[in-house]
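Observations on the three-dimensional arrangement
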Amino acid sequence: QVQLVESGGGSVQPGGSLRLSCTASGSMFSINVMYWYRQAPGKEREWAATIEKDGTTRYADSVKGRSTGSIDMAANTAYLEINSLKPEDTPVYYCKLKYRRPWGTTLEVWGQGTQVTVSS
C-alpha cells in the first residue's frame, strides 16, 4: 500500500514563505504525477499545482507567480514552496499522488493534509 505524508505547514505572517513536503512510501510503485490541492473551511478542495515526474510544473492562478514546485524522485518527495503568503492562503494543503504499479495499474492516493495559517 502506498501512503503519503505531508509536512511543512504551520503559522506564518503575511508576506512570509512556507515549503510544504509530500513523501510517498510503500513498495512496488513509481511516481507519475504529484498534485497539490488546498481546501479552506466550508469550501471545496481546489487544485493548486501539478508536478510531473520530469519536473514539469503547472500552477493555479491563485498561487501562480509566487510558488515553486519540485520533485526529488530518489526520495519520492514533492515540494511546494509558496512565497508572499496572504491570509487567503490559509487552507489545509493536500497532496495527491498518481502512481504506477509494475504491472501497469495506475492508482491515486491522498495525503492527510497539512494546515497553513497566515496571520499577523
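Note that the structure is a prediction, hence the values are computed from the model and not measured.

Cut-offs and rules
Residues numbered from 1 in each chain as written. Predicted model: local features only at pLDDT ≥ 70, side-chain atom pairs only at ≥ 80, totals over all residues. Heavy atoms only, no water. Helix = DSSP H or I, 4+ residues; strand = E, 2+ residues; numbered from the N terminus. Rg over C-alpha atoms; globule rule 2.2 N^0.38 Å. Phe/Tyr/Trp six-rings, centres within 6.5 Å; stacked < 30°, edge-to-face > 60°. Buried < 20%, exposed > 50% of the residue type's maximum accessible area, 1.4 Å probe, protein only. Lys NZ or Arg CZ within 6 Å of the ring centre and 35° of its normal. Contact = heavy atoms within 4.5 Å. Pairing = 2+ DSSP bridges. Polar contact = N/O pair within 3.5 Å; in protein donor to acceptor, adjacent residues only side chain to side chain.

Scanning the protein from terminus to terminus reveals zero helices and 11 strands. For the protein, the α and β elements follow one another from N to C terminus as β-β-β-β-β-β-β-β-β-β-β. Expected size for 120 residues packed as a compact globule is a radius of gyration near 14 Å; at 14 Å, the protein falls within 12% of this value. Viewed in the frame of its principal axes, the protein has a C-alpha envelope of about 50 × 25 × 20 Å.

Moving on, we come to the packing of aromatic side chains. As enumerated under the stated definition, the model contains four aromatic pairs in all. Measuring from centroid to centroid gives 6.4 Å for Tyr35 and Tyr37, while their planes differ by 55°, and the two rings are tilted. By relative accessible area, which is 14% here, Tyr35 ends up buried. With relative accessibility at 15%, the residue Tyr37 sits in the buried group. These aromatic residues form a ring-pair network of at least three members: Tyr35, Tyr37, Tyr94 and Trp110. Over the aromatic face of Tyr79 sits the side chain of Arg19, whose NZ or CZ is 4.0 Å from the ring centroid. Over the aromatic face of Tyr35 sits the side chain of Lys96, whose NZ or CZ is 4.9 Å from the ring centroid.

Relative to the helices and strands, Thr117 resides in strand β11 (residues 114-118). With 104 residues separating them along the chain, Thr117 and Gln13 place their C-alpha atoms 8.3 Å apart. Residue contacts for Thr117: discarding those within four places in its chain leaves Gly10, Ser11, Val12 and Thr90.

Right, let's get into the pairing of strand β1 (residues 3-7). By the alternation rule, side chains of β1 split into Leu4 and Glu6, which are all buried, and Gln3, Val5 and Ser7, of which none is buried. Sheet topology places β1 next to strand β3 (residues 18-25); five bridges connect them, and they run antiparallel. Of the residues in β3, the one forming a bridge with Leu4 is Ala24.

Let's shift gears to unusual backbone geometry. Although it is not a glycine, Met28 adopts a positive phi angle of roughly 55°. Along the polypeptide, Met28 turns up in the loop between β3 and β4 (30-39). According to the relative accessible area criterion, Met28 is exposed, its value standing at 52%. One non-glycine residue, Asn76, adopts positive backbone phi at about 50°.

So, on to the environment of Thr90. Within the secondary structure layout, Thr90 lies in the loop between β8 (77-82) and β9 (92-100). Placed 29 residues apart in sequence, Thr90 and Ser119 show a C-alpha to C-alpha distance of 8.4 Å. A polar side-chain atom of Thr90 sits 2.9 Å from the main-chain amide nitrogen of Val118.

Turning our eyes to something else, we now look at the pairing of β4. Within a regular strand, side chains alternate between the sheet's two faces. Within β4, eight of the 10 residues are buried, leaving the element largely enclosed by the surrounding structure. In terms of strand pairing, β4 meets β9 through nine bridges, oriented antiparallel. Along β9, the bridge assignment pairs Gln39 with Val92. Across six bridges, the pairing between β4 and strand β5 (residues 46-52) is antiparallel. The residue bridging Tyr37 from the neighbouring strand is Trp47, located in β5.

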